[in-house]
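Listed here are the chains, written in short residue letters.
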Amino acid sequence: MTEQTSPSPKTTTDDIIIARDVHKWFGELHVLKGINLTVKTGEVVVVFGASGSGKSTFIRTINRLEHHQRGEIIVDGIAMTNDIRNIAAIRSEIGMVFQSFNLFPHLTALENITLAPRKVKKLARSEADAIGMKLLERVGIPEQAHKHPAQLSGGQQQRVAIARALAMNPKIMLFDEPTSALDPEMISEVLDVMQSLARDTGMTMICVTHEMGFARAVANRMVFFDHGEIVEIGTPKEIFEEPKQERTKQFLSQILH
Amino acid sequence: MTAESIRPPRTVIGPIAWLRENLFSGPISSIITIVLGALLVWVAIQVGQWALTEARWNVVSNNLRLFLIGQYPADQAWRLWAAMAVLSVLAGASAGVHGLASRMLAVTLSAIQLLLAVLMLFSPIGITAVAAYAFNAAIVWVAMVAGFRGLVPRRPLGWAWIVSLPLTFYLVSGFAGTPLESISSNVWGGLLLTVLLAVVGIVLSFPLGVILALGRRSELPVLRILSTGYIELIRGVPLVTILFMADIILPLFLPGEWRLDRIARAMGGITLFSAAYVAENVRGGLQAIPSGQIEAAHALGLGGVQTNRYIVLPQALRAVIPANVGLFISLLKDTTLVTIIGLLELLGISRAVLAQSDSFGASLEVYVFIAAVFFVLSYAMSQASYRLERALGVGTR
């Protein structure tokens, strides 16, 4: 690979996500105005900012749920182009968890998890079921395997969704406001799963969230979005204790009361 | 949680109290109840009197064979019984293996054949036919138990269904120069033809409609324009017109040596007509799928075809079961329109029966009988749809 040609192979192989000058418009609306962000393998990055600041749109460009119109995105050495094979290759490296869970309502919890391994990776049902049950145990709800999503609580649904994303064995997990749609008493069960994922497996994670306790506990870096731009990047300590930008201070004072 | 939970108050009331509450709650309500009640009783007496004393039901029973199979030769009727036996065994076995909705289909098939057997008891068709249909009704259950006990392998059962199509077709129509002589479709008629047109129409128009619905939402402009154009064109034309076109105009365009069977033309017309409506129903279901479902599928790495097959279509088709069954019920009844191109399905054959001198003046009896047959079939379909909805959890998950 690049080891021979690049003078500093360490930095290039460690950077699993590279976004350079990423722009995106919804019609006339300029929603991403030149985003530059590099994420290292094993890093946990928390993205926060007001609604409409482009933070969700940005993480959705990383697995091509939205496509960017300018700039470049490179995931694990694969450049994001319009080539459908590139997109498929990138998606196979990335798991995603959504705000509204997006579980498949016609399938049981276990079937939700095993569908992609069976149909995309062509695993046998027994093999996929074994993986699925292991993941359900990991998120703490093996006894719910044969229930449909409508029979589960919000927290349980989101944990199934996390297990579903993990079933494809991704290198990167994207979390798009995973706890925003949950009742307050269910938030911690989901955060606990995410926390153990970050601590125990060293998964590379980008989380759009306003759970500042979670950010403080596990984030390596925090990224503050405002009006389609990255305003500030820093460690949780830097962001909470000595934010450099006025906009960051203002926003934090609003959400931390 | 310190308060002790108590039982809800009783809401069940006695029959007298029910009457008072629902039928005689005030002077106006009481008057309406009495007047309507009297009217209902009077109608019931009139209808009952006619049905039990005046009506000449023998016109129906004497011509039962015509109503059921038209001019299909009586000495070949055993081929129909055999075809029904094949379907009965398969339906029963599927019901035992898969349960759920297929069980409803099997039970319906059994009940209708039992009903036919009972009807035939009162007709000159003969005891052999009665026995054949009673036998068929019974083997549905035998096959179901066998399937339930795990005696029927799954995969061969699927193949058996596929093989059964040409087999039953061969049984019914035969082929010149083979042990089963060819029976021209010109003589197929009555309920046989009605059911044949409806089943073929439903089975073929459903997949065609799904393809058209997907085509209409395709990102490829050619596919989208063709699908949309087809759907709008067909929906703008009455079925009668399409049947005339299929019957009269189509052969004019085809080379002389291409002679498409008359019934096949009618089947084609019905299928093409119905597919456009299926497509619009299915499109409604497709639109109801939240975009998050498709995003989640894409994020998992499922491709476009896989997303449609495993995520979108299962949910969309389930959501449109009530609409599609409604459509298929009206398709069943619309098969009566083939009378105008000279095919003698159930309604057409009844006019032929009424033209006979000894059935003079018995049109009411005949039409009541036809109406009852259509009602039984339509009701069975709508019940099957409710069972299917409940089995698939429509509206609950």
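Our subject is the structure that appears above.
Residues numbered from 1 in each chain as written. Chains lettered and ligands numbered in written order. Predicted model: local features only at pLDDT ≥ 70, side-chain atom pairs only at ≥ 80, totals over all residues. Heavy atoms only, no water.

## Here we look at unusual backbone geometry
All names here are of chain A.
Logical step 1: Residue F101 is not a glycine yet carries a positive backbone phi of 65°.
Logical step 2: Within the element layout of this structure, F101 appears in the loop between β6 (94-97) and α4 (109-119).
Logical step 3: With a phi angle near 60°, K122 is a residue other than glycine that sits in the positive phi range.
Logical step 4: With respect to the helices and strands, the residue K122 is situated in the loop between α4 and α5 (125-138). (Helix = DSSP H or I, 4+ residues; strand = E, 2+ residues; numbered from the N terminus.)

## Comments concerning the side chain of B:S205
Residue and element names in this part refer to chain B.
Logical step 1: Within the element layout of this structure, S205 appears in helix α9 (residues 190-216).
Logical step 2: By relative accessible area, which is 0% here, S205 ends up buried.
Logical step 3: In terms of polar contacts, S205 uses its side chain to reach the side chain of S274, at 3.1 Å.
Logical step 4: With residues near it in sequence (within four places) discarded, S205 still touches V200, T271, S274, A275, V278 and F328. (Buried < 20%, exposed > 50% of the residue type's maximum accessible area, 1.4 Å probe, protein only. Polar contact = N/O pair within 3.5 Å; in protein donor to acceptor, adjacent residues only side chain to side chain. Contact = heavy atoms within 4.5 Å.)

## Observations concerning the packing of aromatic side chains
Residues and elements named next belong to chain A.
Logical step 1: By the definition in use, this model includes nine aromatic pairs over all chains.
Logical step 2: Aromatic side chains F48 and F224 sit 5.1 Å apart centroid to centroid with 35° between the ring planes, which places their arrangement in the tilted category. Of the two residues, F48 is situated in strand β3 (residues 44-49) and F224 in strand β9 (residues 221-226); the sequence distance between them amounts to 176 residues. Note on accessibility: F48 and F224 belong to one class, buried. (Phe/Tyr/Trp six-rings, centres within 6.5 Å; stacked < 30°, edge-to-face > 60°.)

## Some details on the interface of chain B and chain A
Size of an interface, as often reported, equals the accessible area lost when the parts are brought together.
Logical step 1: Contact residues are listed per partner, giving 18 residues for chain B and 22 residues for chain A.
Logical step 2: Together, the buried faces of chain B and chain A total about 1800 Å²; carbon and sulfur atoms form 65% of this surface.
Logical step 3: On inspection of chain B and its partner chain A, the count reaches one salt bridge.
Logical step 4: Across the salt bridge formed by B:E295 and A:R60, the nearest N and O atoms sit 2.7 Å from each other.
Logical step 5: For the pair chain B and chain A, the number of links is six residue pairs in polar contact (both at pLDDT 80 or more).
Logical step 6: Breaking the side of chain B that touches chain A down by element, the ones donating at least two residues are α13 (291-299) and α14 (304-319) of chain B.
Logical step 7: Top element by residues in the side of chain B that touches chain A is α13(B). It accounts for seven residues.
Logical step 8: Of the residues that constitute the side of chain B that touches chain A, the class distribution is eight nonpolar, seven polar and three charged. (Buried area = accessible area lost by both parts, 1.4 Å probe. Salt bridge = Lys/Arg side-chain N within 4 Å of Asp/Glu carboxyl O. Nonpolar A, V, L, I, M, F, W, Y, C, P; charged D, E, K, R; others polar.)

## Here we look at the side chain of A:D226
Residue and element names in this part refer to chain A.
Logical step 1: With respect to the helices, strands and loops of the structure, D226 is situated in strand β9.
Logical step 2: Owing to a relative accessible area of 11%, D226 belongs among the buried residues under this scheme.
Logical step 3: One polar contact links D226 to H227, side chain to side chain, over a distance of 3.3 Å.
Logical step 4: Engagement of the side chain of D226 in a polar contact is seen with the side chain of R247, the distance being 3.0 Å.
Logical step 5: Ignoring anything within four residues of it in the chain, the contact list for D226 reads S53, V231 and R247.

## Focus: α5(A)
Residue and element names in this part refer to chain A.
Logical step 1: The terminal C-alpha atoms of α5 lie 20 Å apart, and with 14 residues this matches the ideal 20 Å at 1.5 Å per residue to within 8%.
Logical step 2: Looking only at α5, the buried set comprises A128, G132, L135 and L136. Down the axis, α5 shows its buried residues gathered within 100° of arc, on one side only. The exposed residues of α5 that point more than 90 degrees off its buried face are S126, K134 and E137.
Logical step 3: At its buried positions, α5 is contacted by α4 and α6 (154-166).
Logical step 4: Positive phi shows up at G140, right after α5, with a value of about 85°. (Expected span 1.5 Å × (residues − 1). Arc of directions from axis to C-beta.)

## Notes on helix α2 (residues 55-62) of chain A
Logical step 1: Taken across its eight residues, α2(A) has seven buried, putting it largely inside the fold.
Logical step 2: Two residues or fewer past α2(A), A:R64 is found with a positive phi of approximately 65°.

## A look at the sheet that holds β9(A)
Residue and element names in this part refer to chain A.
Logical step 1: The sheet built from six strands is open, its strands ordered β6-β7-β8-β3-β9-β10 with mixed pairing. Bordering the open sheet on either side are β6 and β10 (229-234), each of which pairs with just one other strand. Between one strand axis and the next, the sheet turns by 20° as a mean value, whatever way the strands run.
Logical step 2: Note: β6 against strand β7 (residues 172-176), four bridges, orientation parallel. Along β7, the bridge assignment pairs M96 with L174.
Logical step 3: With respect to the sheet, α6 is in contact with β6 and β7, its orientation differing from that of β6 by roughly 170°.
Logical step 4: Seen against the sheet, helix α7 (residues 184-201) touches β3, β7 and β8 (204-208) and runs at an angle of roughly 150° to β8. (Pairing = 2+ DSSP bridges. Axes fitted to C-alpha atoms, helices over the stretch in contact; angles between N-to-C directions.)

## Some remarks on the sheet that holds strand β2 (residues 29-40) of chain A
Residue and element names in this part refer to chain A.
Logical step 1: A sheet is described by the order of its strands in space; here four strands give the open sequence β2-β1-β4-β5, paired in antiparallel fashion. In the strand order of this sheet, the two ends are held by β2 and β5 (78-79), each with one partner.
Logical step 2: Packed on one face of the sheet, α2 meets β1 (15-26), β2 and β4 (70-75) and runs near 60° to β2.

## Thoughts on the pairing of β9(A)
Residues and elements named next belong to chain A.
Logical step 1: Where burial is concerned, most of β9 is hidden: five out of the six residues are buried.
Logical step 2: One ladder, built from five bridges, connects β3 with β9; its direction is parallel. When the bridges of β9 are listed, F48 appears paired with F224.
Logical step 3: As judged from the five bridges shared by β9 and β10, these two strands associate in the antiparallel manner. Bridged to M222 within β10 is G234.

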